[in-house]
Amino acid sequence: MTEPERPADRDAAIAAVLQRWFGFDSLRPMQREAIDAALSGRDALVVMPTGGGKSLCYQLPALVLDRLVVVVSPLIALMQDQVDGLRLLGVPAAAVHGNMTAKDRAALKAMSDDGSLRLLFVAPERLFFDGFLRWVQQQNPAGIAIDEAHCISQWGHDFRPEYRRLAELRQHFPGVPFQAFTATATPRVREDIALQLQLREPVLLVGTFDRPELTYRVLPRQDLEGQVAAAIRRHPDAASIVYCIARKETESLASALQQRGIEARAYHAGLAAGERTRLSSDFRAERLHVIVATVAFGMGIDRSDVRLVVHAGMPKSLEAYQQETGRAGRDGLPAECLLLYSAADGAKWRSLMERSAAEGDGDPDALQAQLQLLQQMQRFAGRARCRHRSISEYFGQRYDEPNCGACDVCLDELEEVDGGHVLAQKILSAVVRTGQRFGGAYVIDVLRGSRNEKVLARGHDKIPTFGLCKDVPAGKLGNFIDQLIDQELLVRSDGEYPTLQLGPQAMEVLRGTQQAVLRMPKQALASRGKRRRETAGSGRASREAVELSATEQELFETLRTLRRGIARELALPPYLVFSDATLEDMARQRPLTMAALGRVHGVGPKKLATFGERFLGAIRGEVAAPPVVPPVASPAASPPPATARVVVPEPSSGTRRQAALAEAAALFRAGTGIDLACSQLGRAVGTVVEYLVEWIEAERPASIAPWVEPDQQARILAALRQSEDGRLKPVFEALGGQVSYEAIRITAAFLRNEASAMDG
Ligand code: ADP
Ligand code: ZN
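Residues numbered from 1 in each chain as written. Chains lettered and ligands numbered in written order. Predicted model: local features only at pLDDT ≥ 70, side-chain atom pairs only at ≥ 80, totals over all residues. Heavy atoms only, no water.

### Some words on the coordination of the zinc ion (ligand 2)
- Protein coordination of the zinc ion (ligand 2) is provided by C386 (SG), C404 (SG), C407 (SG) and C410 (SG), with donor distances spanning 2.3 to 2.4 Å.
- Of note is the zinc ion (ligand 2), whose four donor atoms meet at the metal with angles of 104 to 119 degrees in an arrangement that counts as tetrahedral.
- Summarised as a motif, the one-chain spacing of the donors to the zinc ion (ligand 2) is C-x17-C-x2-C-x2-C. With a gap of 18 residues between them, C386 in the loop between helix 15 (364–382) and helix 16 (387–394) and C404 in the loop between helix 16 and strand 14 (414–416) connect regions that are remote in the sequence. For the pair shown, C386 and C404 are each scored as buried. (Donors = N, O, S within 2.8 Å, 3.2 Å for Na, K, Ca; no water. Tetrahedral: all angles 85-135°; square planar, octahedral: opposite > 155°, others 65-115°. Helix = DSSP H or I, 4+ residues; strand = E, 2+ residues; numbered from the N terminus. Buried < 20%, exposed > 50% of the residue type's maximum accessible area, 1.4 Å probe, protein only.)

### Remarks on the site of ligand 1
- Lining the immediate surroundings of ligand 1 are 15 residues, of which S26, Q31, G51, S55 and R330 lie closest.
- R28 is positioned with one of its side-chain polar atoms (N or O) 3.3 Å from an oxygen atom of ligand 1.
- Here an oxygen atom of ligand 1 sits 2.3 Å away from a polar atom, N or O, in the side chain of S55.
- A total of 570 Å² of accessible area belongs to ligand 1 in isolation, and the protein chains cover 80% of it. (Near = heavy atom within 4 Å. Polar contact = N/O pair within 3.5 Å; in protein donor to acceptor, adjacent residues only side chain to side chain. Areas by Shrake-Rupley, 256 points an atom, 1.4 Å probe, with all protein chains shown as cover.)

### Observations concerning helix 2 (residues 29–39)
- Among the 11 residues that make up helix 2, eight are buried, leaving the element largely enclosed by the rest of the structure.
- Burial in helix 2 covers these residues: M30, Q31, A34, I35, D36, A37, A38 and L39.
- Buried residues along helix 2 sit against helix 1 (10–22), strand 1 (44–47), helix 3 (54–65), strand 6 (178–182) and strand 7 (203–206). (Contact = heavy atoms within 4.5 Å.)

### Observations concerning unusual backbone geometry
- Unlike most non-glycine residues, D66 shows phi in positive territory, near 55 degrees.
- Phi is positive for D237, close to 60 degrees, though the residue is something other than glycine.
- Within the secondary structure, D237 is located in the loop between helix 10 (224–233) and strand 9 (239–243).

### A few points about the pairing of strand 4 (residues 119–122)
- Neither face of strand 4 is exposed, since L119 and F121 on one face and L120 and V122 on the opposite face are all buried.
- Two strands pair when backbone bridges link them, and strand 2 (residues 69–72) and strand 4 are joined in this way by four bridges, in the parallel orientation. Bridge pairing in strand 4 links V69 to L119.
- Once the chain exits strand 3 (residues 93–96) it traverses helix 5 (residues 102–113) before rejoining the sheet at strand 4, and the crossover so formed is right-handed. (Pairing = 2+ DSSP bridges. Right-handed = clockwise from strand over helix to strand, strands pointing away.)

### Looking at the sheet that holds strand 5 (residues 143–146)
- Here seven strands make up an open sheet; going across it, the order is 3-4-2-5-6-1-7 and the pairing parallel. Every interior strand has two partners, whereas the edge strands, strand 3 and strand 7, have only one. Put simply, the sheet's adjacent strands are angled 15 degrees from each other on average, direction ignored.
- Of the strand pairs in this sheet, strand 5 and strand 6 are connected by three bridges, and their pairing is parallel. If you follow I144 over to strand 6, its bridge partner there is F178.
- Running at roughly 160 degrees to strand 7, helix 2 makes contact with strand 1, strand 6 and strand 7 of the sheet.
- Across the face of the sheet, helix 3 comes into contact with strand 2, strand 4, strand 5 and strand 6 while running at roughly 165 degrees to strand 6. (Axes fitted to C-alpha atoms, helices over the stretch in contact; angles between N-to-C directions.)

### Section: helix 17 (residues 420–433)
- The end-to-end C-alpha distance of helix 17, which contains 14 residues, comes to 20 Å, matching closely the 20 Å that a straight helix rising 1.5 Å per residue would cover.
- Across the 14 residues that make up helix 17, a large majority, 10, are buried.
- All of the buried residues along helix 17 are G420, H421, L423, A424, Q425, I427, L428, S429, A430 and V431.
- The inward-facing, buried residues of helix 17 abut helix 18 (440–447), helix 20 (474–486), strand 15 (490–492), strand 16 (500–502) and helix 21 (506–511).
- Downstream of helix 17 by one or two residues, G435 has phi in the positive range, about 85 degrees. (Expected span 1.5 Å × (residues − 1).)

### Concerning the pattern of salt bridges
- Applying the stated criterion across every chain yields a total of 38 salt bridges.
- The network of salt bridges with common partners includes E286, R307, D331, R563, R564 and D580. (Salt bridge = Lys/Arg side-chain N within 4 Å of Asp/Glu carboxyl O.)

### Some remarks on the side chain of K607
- Topologically, K607 is positioned in helix 26 (residues 605–620).
- No salt bridge is formed by the buried K607; the nearest opposite charge belongs to D580, separated by 12 Å.
- Reaching out from K607, the side chain makes a polar contact with the backbone oxygen of V577 at a distance of 3.2 Å.
- When residues no more than four places from it in sequence are discounted, the contact partners of K607 are L88, L89, L576, V577, F578 and G612. (Lys, Arg positive; Asp, Glu negative; His and termini not counted.)

Structure, rendered in structure tokens:
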């Protein structure tokens, strides 16, 4: 494989775009490689976990190249969020899907006509709609990104038939680089993706799957409602998602939580569409914090401040677990992932999978693949092994930290049960005495001395182990049985009615020649302080490990309220305005000027211009924050229409604009370059160029040399003179995309002066 060619000025171009548009200081290592591949025109297969930052991998090349990138994405809600987010950054973007309004279409046409469109999101099934492909070809895209690419493979955990036709894409775009993105671990799926999309010698990039900011806990499920309620209370006022396997569990758990005083709502695919939309928009708008849901929830919800993800039951694969827990802490701040596990979950999944394979066209290989994924998930849950290490290794990556400091195992949250060895002997003995022919539930009945019909009919109330564990709750016994299975002291048979048998070492334990150990979580986990950073082991916490002080915390809450108000005005989810990480940084740095605010992580020039004044006001304590929206679901609130458009408010009022223009004029008169002017004015490139154009028209300078290089100018002038209608896109294209739109705009203003001088 050849090294992609790396023009020397590429890094500078990337750094400029990163800082100018996104307000980020650096790329993550994987992002750099993925972007390099795209810029070098190479295909790439990018394997990256949720939250790894893949959107930048296709957004940035579009901005560096000043050309269109097409993104195939499976979910409308996700596309719409990205489009809204990009527009807040000032990037011309659009989504094509079944719910487009006439206005959406007109906006898209305008952007394609003037050549400003940079990112176009499209659902896979729309791509092959009448004439659409041809239209895309005419737009001459610089790249095509395929999100959730594993959906094309039936070996994956989320096969979607509408992805199949993407196999035809290559023949329509023979010269365009493809980037495929997935979070799937298995080599088989990766190969299948490359094969089906006909990737050509793709650069294979595998991101870091470890998420140091997440604390993983796997606890035996003993008192589901109490355990979930306690976890939610560890994160007061923060967003929590609780995943259940079945719909009816979501409803019963949500109402049990409500009875405990927690505002929780159930969400599943069986609810009316209107109800689902209302719930997701309440959650996004921070009116609702706790959702109890099936996995139907979350695919389109990118709220980045989720602090807790609970699995009330075990997911069916580590991919699914990684994806669902990945929805926590996307803002990079600490979050908790709690899995409440019982070995019964495995049996439940197995029978579901077998049934659906039998009902469908039943590919036995595909079922086998699913069962294998399930088994690996079970192994993860059942073992007391560092969770960060286990996940990393599952995704094929080394993990070198001896103690992750962020999982139940490394935090030493389990303790040995007193008398565990004797308890284990009692359980093993009950299995032997009942003939190794029964499942866990029956063995528990016998141990707890239940006189139910089955036990009496078999005479098992007469055996010595009957009632030996009367005082141990059934849930705990179930978990101890799981632990014995994990230690291979017991073996659970396959099939619809699994039974327990002794494992190879069990006799040693019964004879007392080998000790068995059982573990239990230590007393209830103490409530963890909000926004506490779990300090991570060396070498991986690049983000500072600093808690907010009380006053910082107070400012953070004020900023959060302001953000919520702005989001409501714009009918956008709050995290699109600024992330929690950005607000924390603001609270810590307390910037008092636009320039200082612009240095806060995640504050790009466009957002600075749009929101800067209001946040500065709040930091200075000048502006009363808008009234707090109560953090509960309000039935009165109507969801924003699905096609809500961003209306970015005018950056500043008329007088402030005049002041900014005057300040800018002084800089231009002194020949200040655009970049410097941007940072001195605290304004985005687009705004500064707009000021410059106005200034050129008003002041008619003799030269524009400080802003457009002479030889570029000559070429642009020549092309402009050729163009008949004054449109910029033909000029841009005539110059082979080697000159930026900004340069063209400035030169065009200069030319207009010349023309009007000749007229007059
Ligand atoms: P994914 O699509 O892979 O799930 P996103 O693209 O949404 O992840 O990125 C996750 C988060 O990381 C976002 O909040 C994004 O703004 C942030 N992020 C991405 N790249 C960078 C970077 N280079 N520097 C700082 N933050 C970043
Ligand atoms: Zn660990």
